[in-house]
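Spelled out from the first residue to the last, the chains are:
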Amino acid sequence: MKAVLCGCLVDGTGRPALDDATILIEGNKITAVGDRKKIRIPDGAEIIDATGKTVLPGLIDSHTHFLGMGYALTHLQLIDAKSIGEITEGLRHYIKSRRIAKGNWVQGRQWDDQNLEERRYPTRHDLDEVSPDNPVALTRICAHMITLNTCALEACGITRDTPNPPGGVIDKDEHGEPTGVLRDARGLVTPHIPPPTHEELRQGIRDAVALAHSLGCTGITDCSRPDESAPHLSTKPYVDAHSEKDLHLRCHVMTWYPREWSGDQWLTLGTLKIGIDGSAGAQTALMFEPYANNPSTRGVYVGDQDRNKKVVAEQHAKMGQVAIHAIGDRACSEALDRIEEALKTKPRPDHRYRIEHFEYPVDADIERAKRLGVVASMQPNFVGEWGWPGGMYDSRVGPERLARGNPYRRLLDLGFHMPFGSDGMPFHPLYGIWSAVNHPQPKSRITLEEAVRGFTLEGAYATREEATKGSIEQGKLADIAIFDGDLRGDWFKLKSTDPKAVEWNKTEIKRKRAWLTILDGGVVYKA
């Protein structure tokens, strides 16, 4: 028996926070929760004193690329790069320090042009000087864009004569030569990079789980697609880890083919994921109107429309779930077309079909999504990273679309189910909560309790597990995250939108780790 003495308890239901509550845990279940004065703690119970701290349900990231993130932790990490010079110097050091042999591939992750002083994409010309003998592939933070050096372009057979692949773009300079920048065209590259070993994948899960525990995260949905993201983002490592009792996180893994497997409280498979468009950062999110910074494009339809229709119909016939990646307003409309077609063929209550991102829906499509019962699976850290005036979203989509983008307050007021995730940009649920509470558009801000619900009970709802997890209530699984301090305090809510104040606050939140994480009734992390 454990007893958690709470300072501030935000239980995940969306109800107002409680002060001075007690939670009793027996085995892996919550047996009681309530006012500290009214809950009797049995003799001999282990006391966890969280007075002065905030207690939440274990956080659930409903849209991440978990296995790929774990595996990529061994790659060159570029999320903190502030200039192209820092990228190239990091690349030089990485190759030298790891003694990477000539001809071997080098991979890097999470560069963000919005953080670079040059405010442009790195090209092959930037990389060639420090990596003449190794093919290099550096993936943008959104994963919809990749920069190759000349050696990598040659290894992949990409030349001035290579046509754009379906749904992708090969950037070329004024002379018609490839710049090294590929948008939603990773399929030209992946077959040429040696796949990771099975043990590397298994270790990737272990590393990612350890990171999740440190952030108070006890559950995830992996939204990766094996058909576009290479074998290292397949379901097999999860199945093997689960069968060997080495999966210490509650995981739901999407697939790219129609399939359902109910599994158990640790692993479920089967939500069918398809894609309509790319990302705003890569200028491949599909829009009705041109991009503000590049009137020559309205984005890219990255999926295969005929295949999308076919597989959604197949999954619908099997009573399975569907998740559709759609960011731009036109992509959101296309995604709703696919869902509406299926439901007209065979009406189905409580289908819980999801649109992943749903960032820029027009008014008519918000109403249509509500009528169709669509789950809006959204990522508030996107607005925390790029949604501020003068930021990347502002430059890409312009002020009108920026103002109506990511409308959390409106969607909640309309009664949408809205699970929150990170998409790994960055993987940090508490930062996502902060971003929703401090949305750059004041009219779209939501309360702390609502934001916590998005990362807890709504995440459970999205995978049909709301009866067993996602909130701190009697009878539910004992998954709990505890953070130092009171999240209702001024330190968590922005008092100023001055750019320097915003950046300082963002940095502080991203550094924050859980004080204690409980999974299945046991402590899995303590600061």
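Residues numbered from 1 in each chain as written. Predicted model: local features only at pLDDT ≥ 70, side-chain atom pairs only at ≥ 80, totals over all residues. Heavy atoms only, no water.

Caption draft 1: Focus on the environment of Pro-407. Considering the arrangement of structural elements, one finds Pro-407 in the loop between helix 12 (392-404) and helix 13 (408-413). For Pro-407 and Lys-443, which are 36 residues apart along the polypeptide, the C-alpha to C-alpha distance reads 8.1 Å. Filtering out sequence-adjacent residues up to four positions away, Pro-407 remains in contact with Glu-359, Ile-366, Met-378 and Ser-444. (Helix = DSSP H or I, 4+ residues; strand = E, 2+ residues; numbered from the N terminus. Contact = heavy atoms within 4.5 Å.)

Caption draft 2: Molecular detail of the pairing of strand 3 (residues 21-26). Of all the six residues making up strand 3, five are buried; the element is thus mostly covered by neighbouring parts of the structure. Of the strand pairs in this sheet, strand 1 (residues 2-9) and strand 3 are connected by four bridges, and their pairing is antiparallel. When the bridges of strand 3 are listed, Ala-3 appears paired with Leu-24. In this sheet, strand 4 (residues 29-35) lies alongside strand 3 in antiparallel orientation, the contact comprising six bridges. Within strand 4, the position partnered with Ile-23 by the bridge is Val-33. Between strand 3 and strand 4, which follow one another and run antiparallel, lie two residues, and Gly-27 among them has a positive phi close to 65 degrees. (Buried < 20%, exposed > 50% of the residue type's maximum accessible area, 1.4 Å probe, protein only. Pairing = 2+ DSSP bridges.)

Caption draft 3: Quick peek at the side chain of Asn-406. Inspection of the secondary structure assignment puts Asn-406 in the loop between helix 12 and helix 13. Given a relative accessible area of 2%, Asn-406 falls into the buried group. Those residues in contact with Asn-406 that sit more than four places away from it in its chain are Glu-359, Met-378, Val-383, Tyr-393, His-439 and Ser-444.

Caption draft 4: Structural detail: the pattern of salt bridges. The full count for this structure, using the stated rule, is 44 salt bridges. Of the charged contacts in the structure, one is a salt bridge between Asp-246 and Arg-202, with a shortest N-O distance of 3.1 Å. Placement of the pair is Asp-246 in the loop between helix 7 (236-243) and strand 14 (250-255) and Arg-202 in helix 5 (residues 198-214), with a sequence separation of 44 residues. Arg-371 is the partner of Glu-340 in a salt bridge, and the nearest nitrogen-oxygen pair spans 3.3 Å. You can see Glu-340 sitting in helix 9 (residues 329-345) and its partner Arg-371 sitting in helix 10 (residues 363-372), a full 31 residues away along the chain. Its relative accessible area of 14% is what places Glu-340 among the buried residues. Residue Arg-371 is classed as exposed on the basis of its relative accessible area, which comes to 56%. Sharing partners across several salt bridges, the network here consists of Glu-199, Arg-202, Arg-206, Glu-244 and Asp-246. (Salt bridge = Lys/Arg side-chain N within 4 Å of Asp/Glu carboxyl O.)

That is the geometry; function is a separate question.
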